[in-house]
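Take a look at the letters that make up each chain.
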Amino acid sequence: MKVLLVTACGRSKEKELLPAWRLYRSSRIRYLKRVADTVGVDYAILSAEYGLVPSDEVIAPYERVMDEERCHEILPVLVESLKRMRVRAIVFYRGGARKEYYECLRRAAESVGADLISVGYANMGDIGKVKGILEGLVKKV
């Protein structure tokens, strides 16, 4: 079972091409990068512009947020990304993200038969639980 850690993109961004985890000025995104690296799972950022972006992929800054229309447009891209990565379980750290990010990821996960575990709330609530959840899933592999 391949486990993937995902979080939503952030509003504040650097002004240059950078790996996704560095593009966003977000302590949440950087913290989760360290957790993913420590546990040894893949980490991606759900971007309203690019879709599901591996954290080390270099991307350009943009201004877009997820809404229902954008989810409809990008859903096939998310499904293909999950199929290509052969993901069986997704841990989505919400961290206060708009509900559209969760709903779009939920639909994609459902389409490929992947389990989706959602954790977290605003102001990085419950972020400390992510590592334990990931470790538990990885042990099942």
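Please read all numbers here as calculations on a predicted model, not as lab measurements.

**Looking at the overall build of the chain**
Within the chain, the regular secondary structure consists of five helices and seven strands. Across the chain, helices and strands are ordered from the amino to the carboxyl terminus as β-β-α-α-β-β-β-α-β-α-β-α. For 141 residues, the compact-globule estimate of 2.2 N^0.38 gives 14 Å, and the C-alpha radius of gyration of the chain, at 14 Å, lies within 12% of that figure. For the chain, buried positions account for 47% of its 141 residues. For the chain, contacts bridging at least 24 residues in sequence account for 69% of all contacts bridging at least 6. Entry remark: accessible area of the chain is about 7200 Å², with carbon and sulfur atoms responsible for 47%. Between the centroid of the 25 positive side chains of the chain and the centroid of its 19 negative side chains there is a distance of 4 Å.

**Considerations on the side chain of Thr7**
By the secondary structure assignment, Thr7 is in strand S1 (residues 2-8). With relative accessibility at 0%, the residue Thr7 sits in the buried group.

**Considerations on the state of the cysteines**
For the structure shown, the criterion picks out one disulfide. For Cys71, the disulfide goes to Cys104, at an S-S distance of 2.3 Å. Taking the torsion about the sulfur-sulfur bond, which here is approximately 100°, the covalent link between Cys71 and Cys104 counts as right-handed. With Cys71 in helix H3 (residues 68-85) and Cys104 in helix H4 (residues 99-112), this residue pair connects regions lying 33 residues apart in the sequence. We classify Cys104 as buried; its relative accessible area is 0%. Counting only cysteine sulfurs, Cys104 is the nearest neighbor of Cys9, a cysteine outside any disulfide, at a range of 11 Å.

**Comments concerning the environment of Leu78**
Note on placement: Leu78 falls in helix H3. Sequence separation between Leu78 and Asp115 is 37 residues; the distance between their C-alpha atoms is 15 Å. Discounting chain neighbours no more than four positions away, the residues touching Leu78 are Leu46, Gly51, Leu52, Cys104 and Ala108.

**Concerning the side chain of Ser47**
With respect to the secondary-structure elements, Ser47 resides in strand S3 (residues 42-47). On the basis of relative accessible area, Ser47 is assigned to the buried category, the value being 0%. At a separation of 2.9 Å, a polar atom in the side chain of Ser47 contacts the main-chain amide nitrogen of Tyr50. Aside from chain neighbours lying at most four places away, what touches Ser47 is Cys9, Tyr24, Val53, Tyr62, Met66 and Ile74.

**A closer look at the sheet that holds strand S6 (residues 87-93)**
The strands making up a sheet associate through hydrogen bonds between their backbones, and the pairing can be parallel or antiparallel. As summarised here, the arrangement of the five strands in space is S4-S3-S1-S6-S7, forming an open sheet in which the pairing is mixed. Two strands close off the open sheet at either side, each with one partner strand: strand S4 (51-54) and strand S7 (115-119). Sheet twist, expressed as the mean angle between neighbouring strand axes with direction ignored, is 30°. Where S3 and S4 come together, four bridges link them in antiparallel fashion.

About the criteria used
Here, residues in each chain are numbered from 1, in the same order as that chain's written sequence. Only residues with pLDDT of 70 or above have their local features reported here, since the model is predicted, and side-chain atom pairs are shown and tallied only from 80 upward, although totals for entire chains, interfaces and linings are computed over all residues. Where side-chain values are given, they derive from all heavy atoms of the structure, hydrogens and water being excluded. Starting at the N terminus, helices and strands are each numbered in turn, a helix being any DSSP run of H or I of at least four residues and a strand any DSSP run of E of at least two. Radius of gyration here is computed from C-alpha atoms only, and the compact-globule reference equals 2.2 Å multiplied by the residue count raised to the power 0.38. Residue exposure (1.4 Å probe, protein chains only): buried if accessible area is under 20% of the type maximum, exposed if over 50%, otherwise partly exposed. When checking whether two residues touch, look at their non-hydrogen atoms; a contact exists if any pair is within 4.5 Å. Where accessible areas are quoted, they stem from the Shrake-Rupley method and a 1.4 Å probe; at the residue level, only the protein chains shown are allowed to cover. Positive charges are assigned to Lys and Arg, negative charges to Asp and Glu, while His and the chain termini are left out of the count. For charged residues, the charge sits on one atom: NZ in Lys, CZ in Arg, CG in Asp, CD in Glu. What counts as a disulfide here is a pair of cysteine sulfur atoms lying within 2.5 Å. By the criterion applied in these results, polar contacts are pairs of N or O atoms within 3.5 Å in which, for protein atoms, one can donate a hydrogen and the other can accept it, and in which residues neighboring in sequence qualify only through two side-chain atoms. Only strands joined by at least two bridges in the DSSP assignment are considered to pair. In this description, a line fitted to the C-alpha atoms serves as the axis of each element, helices being fitted only across the stretch in contact, and the angle between N-to-C directions of two axes falls anywhere from 0 to 180 degrees.

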